[in-house]
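Topology and contacts: notes
Here are the chains, one letter per residue:
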Amino acid sequence: MSSFTATGRALDAVRAKIAALETGGRGDPASLSFGEVSIDRCFPGGGGLPLHRWHELGGEGMEAETAAAPAAFVALLARPLLKMGPAVWIARRDDLHPPGLAGLGFPAGGLIEVWVRDEAQALAAAEDALGASGVGTVIVEAQACDLTAGRRLQLACEKGQATGFLIARRPFGGGAPGMAGGSAAATRWSIASAPSAPVAGRPGLGAPRWRASLERCRGGRPGAWLFESPGAYSDTEIQDDAHPLRLVAELGDRQLAPAQPARPANPPVRFPVGGEDAARRRRA
Amino acid sequence: METSRGTRRLAAVDRAAAGLGLFPGQKAADALAYVPDLVTAEAEPEADAQALLALVDWCVRFSPAVAPDPPDGLFLDITGLAHLWGGEAALVADFRRRLARNDLPVVCGVADTPGAAWALARHGDGASLCPPGRQGEVLDHLPPSALRISDAACAQLERLGLRRIGEVRRLPRSQLARRFGLELITRLDQAMGEAPEALAFRRPANPWFDRLALAEPISTPDDLARVCGDIVERLCARLTAEGQGARRFEIAYHRVDGRPQTVEVGLAVGAREALRITRLFLPRLDQVDPGFGVEQVTLAAFEVETLSARQAALASEPAAGGGVEIAPLVDRLANRLGAERVWTSQAVESHVPERAVARRAPFSPELPARWDPARPRPIRLFRRPEPIEATAPVPDDPPVQFRWRGQLHRVRLAEGPERIAEEWWKAPIGAVSATHVRDYYRVEDQAGGRFWIFRAGLYEAGAPARWWLHGLFG
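As the structure is a computational prediction, the values presented were derived from the model and not from experiment.

**Examining the overall build of chain A**
When you go through chain A residue by residue, the secondary structure sums to 8 helices and 11 strands. Buried residues in chain A amount to 46% of all 284 residues. Relative to all contacts within chain A whose residues are 6 or more apart in sequence, the contacts with residues 24 or more apart total 65%.

The structure is reproduced here in structure tokens:
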């Protein structure tokens, strides 16, 4: 019995040593749990998304240019980190719409938005922001980040104790973002919007869903999940404890599900806005 | 030479011409008759005014409070700073010497009041110092025209045989006021220091000002940076001692040839940390062209406010306090990229999506308006909605499919419409029309992409509906 626990302890020690080796010897255990053991296990240390690192996210197809799904996903990932300090959003295009962030529960009123002119400025501003004291999260939209720039971002993260998110985004009409090749990011994600599941009896769309695949994870292993944001676009108060992203259990093979009718099955919802009466009269 | 009332007249004469008996206001024909080989040039009042402003800016090297006195004069408030030059006489000598080096003829006077100084400069010997409190004695010998009064009043005084200010002062005030109007009395009192006079300084007098005179002109970037650090430290020490912080700093490098080179930095919240402010200046000092050398540096702080000492947060505590602790970062970014490129969004109470967001400077007070999270808004909003080809068989229903950027999207789920009309109270009543109504739908396609599309205008039989894509939910 006692030899059994001793073996277990020795195994734990070896695991910790391997984890330390895999993370490059930095004993920085800060992490953010997804509240789901199956996800947290994929990350080094098993505690969830490692903090004080930077993470790379991107989309495919049109999303590589518009980067809407990665932006929404990052906003939800970063929301629990806001209590560690204000967030900075650095972008070359000013098409981020803060009311959309607010709808996802991300308080956009305190977000500092920085509008840079080019790629070099974006990365320089991100490095500056990550290294500054007091900053909690830095989100930067950039085309690519080579090994040197990535390493600089990582050093800045460690100096400022901030967490970075790089949204790989192709400039308008430009080439594909440089997600391929070596990267100094702690994790690399590919994010795509996923069909939502409408609540029975309620018309319209269901809670937004994203298919997130963890393509690379330093010291961990890849995975793919379907996430849902149950609190999005609702007036209810946000609980600080729960992670804003909830894992959705996949039921069977979605591809085999019966094709939905092209026409929306549910009648459209009408919002109480000005001019609605006129519309109703006209319908009648 | 200028044209006034249809006659060509001399607007100004130089010293040689004055020696020949020419005077401003003389008819050009008369002047040419006296001096046939007279060289004339057209008068340029605007250029003169600009040159005067440039001179005013240059004079900041002597005092921060300089007021232009168009068309050809300026007031320099040297209260409390003559000792820096070793006395008023030394200051005047330095002033004249520097202007003479630039071939600018100058007359000046120093007195307790602007009026007395003006009189001394224009009608004294051109370099007189009036001892404190004795302007009465000095002015008594000057003609009444030294009082800055209108030509008409001046001519009338002459006609009455009053050729000295002293004679005017001896008359009873009530009679003076009745006969010559209030102007004469006011000017007399201002010259004597019995009535206040407000000068319109080029920039408001600023107590948060420091200057550093250099023994030798400097020009290398290292020297410019070092001097910048020195002067910032001096001013910040004063700010610290008085518990103040400033939100704007302006450093001016005064070159040997008299052209000041200024660099300005702004801060999001008041600050007085010398090192931090110097670091904001340093990357921008390459804009400074030292020319043949810089011989003086001035630094002014603006928007000075009381800055209470803050306790740095305990290391174990999470950051709190509205994020002001990241002000140094915001300042760095704003000064590097431009202040308009760093902002915080502010909710505006408007249903029109383009108007729902306003930008405010970080850390400025937030207005109470907020966005309604229950009204779904896209995370990416296109500045210009993009046209889409939509197929909507039923007029008031969302489309069943649409083509955007050449790609077909089949609508799986939709909600709406959310009707957003233009803000008719903001436009003239004639410009309001029902065609400016937008019916917004949030739709999801088969792949899960969520879009914000709208139909412009109301349904009209026969006219094809126009559909636009305005944003992406991601």
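**Some details on the overall build of chain B**
Regarding its fold elements, chain B presents 13 helices and 18 strands. In chain B, which comprises 474 residues, the proportion classed as buried is 32%. Contacts in chain B between residues far apart in sequence, at least 24 positions, make up 52% of those at least 6 positions apart.

**Quick notes on helix H4 (residues 68-78) of chain A**
In terms of residue burial, H4(A) counts as a mostly covered element, since 11 of its 11 residues are buried. Those residues of H4(A) lying buried are A:Ala68, A:Ala69, A:Pro70, A:Ala71, A:Ala72, A:Phe73, A:Val74, A:Ala75, A:Leu76, A:Leu77 and A:Ala78.

**With respect to the packing of helix H9 (residues 173-180) of chain B against helix H10 (residues 182-192) of chain B**
Residue and element names in this part refer to chain B. With their axes 6 Å apart at the nearest point, H9 and H10 run at an angle of 130° to one another. One finds that H9 runs oblique with respect to H10. In contact with Arg173, Leu176, Ala177 and Phe180 of H9, H10 contributes Leu182, Leu184 and Ile185.

**Things to note about the sheet that holds strand E6 (residues 137-142) of chain A**
Pairing is mixed across the open sheet formed by 11 strands, whose spatial order is E11(A)-E10(A)-E9(A)-E8(A)-E3(A)-E7(A)-E6(A)-E4(A)-E5(A)-E11(B)-E12(B). Single-partner strands in this sheet number two, and they are strand E11 (246-247) of chain A together with strand E12 (357-360) of chain B. Sheet analysis places E6(A) next to strand E7 (residues 163-168) of chain A, joined by 6 bridges and oriented parallel. Among the inter-strand pairings, A:Val140 is bridged to a residue of E7(A), identified as A:Leu166. Of the strands in this sheet, strand E5 (112-115) of chain A together with strand E11 (342-347) of chain B touch helix H13 (residues 327-337) of chain B, which is tilted by about 110° from E11(B).

**With respect to the pairing of strand E4 (residues 73-76) of chain B**
All names here are of chain B. In the sheet, strand E3 (residues 66-69) pairs with E4 via 4 bridges, with the strands oriented antiparallel. Pairing of Val66 across the sheet is with Leu76, part of E4. Here E3 folds back onto E4, and the loop between the two strands holds 3 residues.

**Thoughts on the sheet that holds strand E18 (residues 466-472) of chain B**
Two modes of strand pairing occur in sheets, parallel and antiparallel, and in both the strands are linked by backbone hydrogen bonds. Residue and element names in this part refer to chain B. Strand order in the closed barrel formed by 6 strands is E13-E14-E15-E16-E17-E18, with antiparallel pairing between adjacent strands. Neighbour to neighbour, the strand axes of the sheet diverge by 45° on average, direction disregarded. With 5 bridges joining them, strand E13 (residues 380-391) and E18 adopt antiparallel strand pairing. Bridge pairing links Glu386 to Leu469 in E18.

**Here we look at the interface of chain B and chain A**
Taken together, the contacts link 61 residues of chain B with 64 residues of chain A. Breaking the side of chain B that touches chain A down by element, the ones donating at least two residues are H13, E11, E13, strand E15 (407-420), strand E16 (438-445) and E18 of chain B. With 11 residues, E15(B) is the largest single contributor of residues to the side of chain B that touches chain A. Split into classes, the residues belonging to the side of chain B that touches chain A amount to 32 nonpolar, 10 polar and 19 charged. Here 3 bridges tie E5(A) to E11(B), and the two strands are oriented antiparallel to one another. Opposite A:Glu113, over in E11(B), you have B:Trp343 as the bridge partner.

**So, the packing of helix H6 (residues 119-131) of chain A against helix H7 (residues 147-160) of chain A**
Residues and elements named next belong to chain A. Where H6 meets H7, the closest approach of the two axes is 7 Å, and the angle between their N-to-C directions is 20°. The pairing of H6 with H7 is recorded here as roughly parallel in orientation. Relative to H7, the crossing made by H6 is left-handed. Contacts from Leu123, Ala126, Glu127, Leu130 and Gly131 in H6 reach Ala149, Arg152, Leu153, Ala156, Cys157, Lys159 and Gly160 in H7.

**Concerning helix H11 (residues 221-241) of chain B**
Residue and element names in this part refer to chain B. The end-to-end C-alpha distance of H11 is 30 Å, a good match for the 30 Å that 21 residues give at a rise of 1.5 Å each. Among all positions of H11, only Leu224, Val227, Cys228, Ile231, Val232, Leu235, Cys236 and Leu239 are buried. Within H11, the buried residues cover an arc of 160° as seen down the axis, which keeps them to one side. Along H11, exposed side chains directed more than 90 degrees from the buried face belong to Asp222 and Ala241.

Reading the values: the criteria
Residues numbered from 1 in each chain as written. Chains lettered and ligands numbered in written order. Predicted model: local features only at pLDDT ≥ 70, side-chain atom pairs only at ≥ 80, totals over all residues. Helix = DSSP H or I, 4+ residues; strand = E, 2+ residues; numbered from the N terminus. Buried ≥ 20, exposed ≤ 12 C-beta atoms within 10 Å, placed from the backbone. Contact = placed C-beta atoms within 7 Å. Axes fitted to C-alpha atoms, helices over the stretch in contact; angles between N-to-C directions. Parallel < 35°, antiparallel > 145°, perpendicular 65-115°, else oblique. Pairing = 2+ DSSP bridges. Nonpolar A, V, L, I, M, F, W, Y, C, P; charged D, E, K, R; others polar. Left-handed = near helix turned anticlockwise from the far one by under 90°. Expected span 1.5 Å × (residues − 1). Arc of directions from axis to C-beta.

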